[in-house]
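The residues making up each chain are set out below.
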Amino acid sequence: MEPIDLALTEAAAEGTEAARALLRWIDELDRLDGLAEYSSRLARLAGYLVRGRAEASGVLRAATAANDVLTVRLLALAEGRLGPPPCPYAWLVLGSGGRGEQALLTDQDNALVYRDGTTEAAAYFEALAGMIVGALADAGFPRCPGGYMATTWRHTLAEWKNIFHDWIRGPQRGALVEAEVFLDFRRIHGELSPRLLDVILSDGSRHPRFLAHMAKAAVMFRPPLGLFGRIKHHHPVIDLKREAIAAIVLLARHYALAAGSVVRPTVQRLAAAADGGTLSHSGARRLAQDYVFLTDLRLRTQLRRIEQDGRPANRVRLDELGQDDQRRLLAALRSIHNQQAATALRYRTDAVS
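Reading guide: rules and limits
- Residues numbered from 1 in each chain as written.
- Predicted model: local features only at pLDDT ≥ 70, side-chain atom pairs only at ≥ 80, totals over all residues.
- Heavy atoms only, no water.
- Helix = DSSP H or I, 4+ residues; strand = E, 2+ residues; numbered from the N terminus.
- Core = buried A, V, L, I, M, F, W, Y, C linked by side-chain atoms within 4.5 Å.
- Buried < 20%, exposed > 50% of the residue type's maximum accessible area, 1.4 Å probe, protein only.
- Contact = heavy atoms within 4.5 Å.
- Axes fitted to C-alpha atoms, helices over the stretch in contact; angles between N-to-C directions.
- Parallel < 35°, antiparallel > 145°, perpendicular 65-115°, else oblique.
- Left-handed = near helix turned anticlockwise from the far one by under 90°.
- Nonpolar A, V, L, I, M, F, W, Y, C, P; charged D, E, K, R; others polar.
- Salt bridge = Lys/Arg side-chain N within 4 Å of Asp/Glu carboxyl O.

On to unusual backbone geometry, then. Unusually for a residue other than glycine, R53 sits at a positive phi of about 65°. In this structure, R53 sits in the loop between α3 (38–51) and α4 (56–82).

Here you go:
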């Protein structure tokens, strides 16, 4: 996979003034507060790219890249205040950030891994995490309601190794909720390599209990369909993230891990699953097409909401959509439902506890 920041630098090189302006604004930052205008600048960039007929995947990669560049700049400023790190470390982004699929409405999910377990290192990285999480909140990234941020989740590499081993080899229900958040980690700053954690993840394909729990997680977010495959009449509003996209993300992650792949982006995961024989090529292709459509619809919905009231949203009213979008949305929800049903049957998720 190409470095994620290429999506942003390529947009700037192609003459997108909004991309160049955003990069200049970040490069000139000399503070860790007063960052509220970042979200409006990012929305402006996304709007320009969409109007230029960029594919949704490219827009999401550019948004992720911008968020990466901002975070790295904030980390440099924080290191300037605190002094050089006492040991090598890595700043990790999780969830959609780890997959390179961040939209315009996203909580911050991050973690920190460092090499040495000294008291000095622990104190330094506690201060660093507090600065960055606070700065990101000021820039428009709400604190994660579940607390999955570096202010809580920062450990030595040895400690992270044990945590990942516990998730893979002896999954417990509560711990697997944590695992779901961290399986998409990606390093964006720091000299310490977390590659060892990828090795542990790839080992997950050899642990049936872990895969069964991942399968159960993949069928939990159900599309709002009735008995005859129609959108429920009492459900005129669809949460595109929770009721559609999340299911594809979870299915792709599960089947890619089952194939021993640790790639991150959803479409790449589906391809890896098909190549690895854990998902049919037709099923993978159909889910990939659904994912592309749904992320495009979500992005268009967010931009429309920003124009209306200044705030992005994941929820769309069915009566706001044209006939073609309604038809494609229903088809996507049905294919998600069918794949979830097949997954539940294959892994007997009703018996997983």
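Let us keep going from here.
Attention shifts here to the nonpolar core. Ranked by internal contacts, the top residues of the largest apolar core, which has 65 residues, are W160, F164, F182, L294 and L329. If you tally residues by element for this core, the top one is helix α11 (residues 241–258), at 11 residues. Discounting residues that sit within four places of it in the chain, F164 has contacts with F182, F185, L197, I200 and L201. Grouped together as the second largest cluster of nonpolar side chains are 44 residues, L45, A121, F125 and L128 included.

Next up on the list: the side chain of H165. Mapped onto the fold, H165 is located in helix α7 (residues 157–169). Judged by relative accessible area, H165 falls into the buried class, the value being 17%. Ignoring any residue separated from it by four or fewer positions in sequence, one finds H165 in contact with G170 and I200.

A word on the environment of A274. Positionally, A274 belongs in helix α12 (residues 266–276). Overall, A274 belongs to the buried group, its relative accessible area being 9%. In this structure, the C-alpha to C-alpha distance between A274 and A284, residues 10 residues apart in sequence, is 6.2 Å.

Two quantities define a packed helix pair, namely the angle between the helix axes and the distance between the axes. Viewed as axis vectors pointing N to C, α3 and helix α13 (residues 281–309) meet at an angle of 125°, and their least axial separation amounts to 11 Å. One way to sum up the angle between α3 and α13 is to call them oblique. For the pair α3 and α13, the sense of crossing is left-handed. Every residue of α13 that contacts α3 at A43, A46, G47 and V50 is listed here: L299, L303 and I306. Along the lines of polarity and charge, the residues of the contact of α3 with α13 split into six nonpolar, one polar and no charged.

Right, let's get into the pattern of salt bridges. Taken as a whole and assessed by the stated rule, the structure comprises 16 salt bridges. Between R186 and D68 there is a salt bridge, with the nearest N and O atoms lying 2.9 Å from each other. With R186 in strand β4 (residues 186–189) and D68 in helix α4, the pair connects residues that are 118 residues apart, well separated along the chain. Owing to a relative accessible area of 16%, R186 belongs among the buried residues under this scheme. With relative accessibility at 7%, the residue D68 sits in the buried group. For the salt bridge of R305 with E320, the shortest nitrogen-to-oxygen distance reads 3.1 Å.

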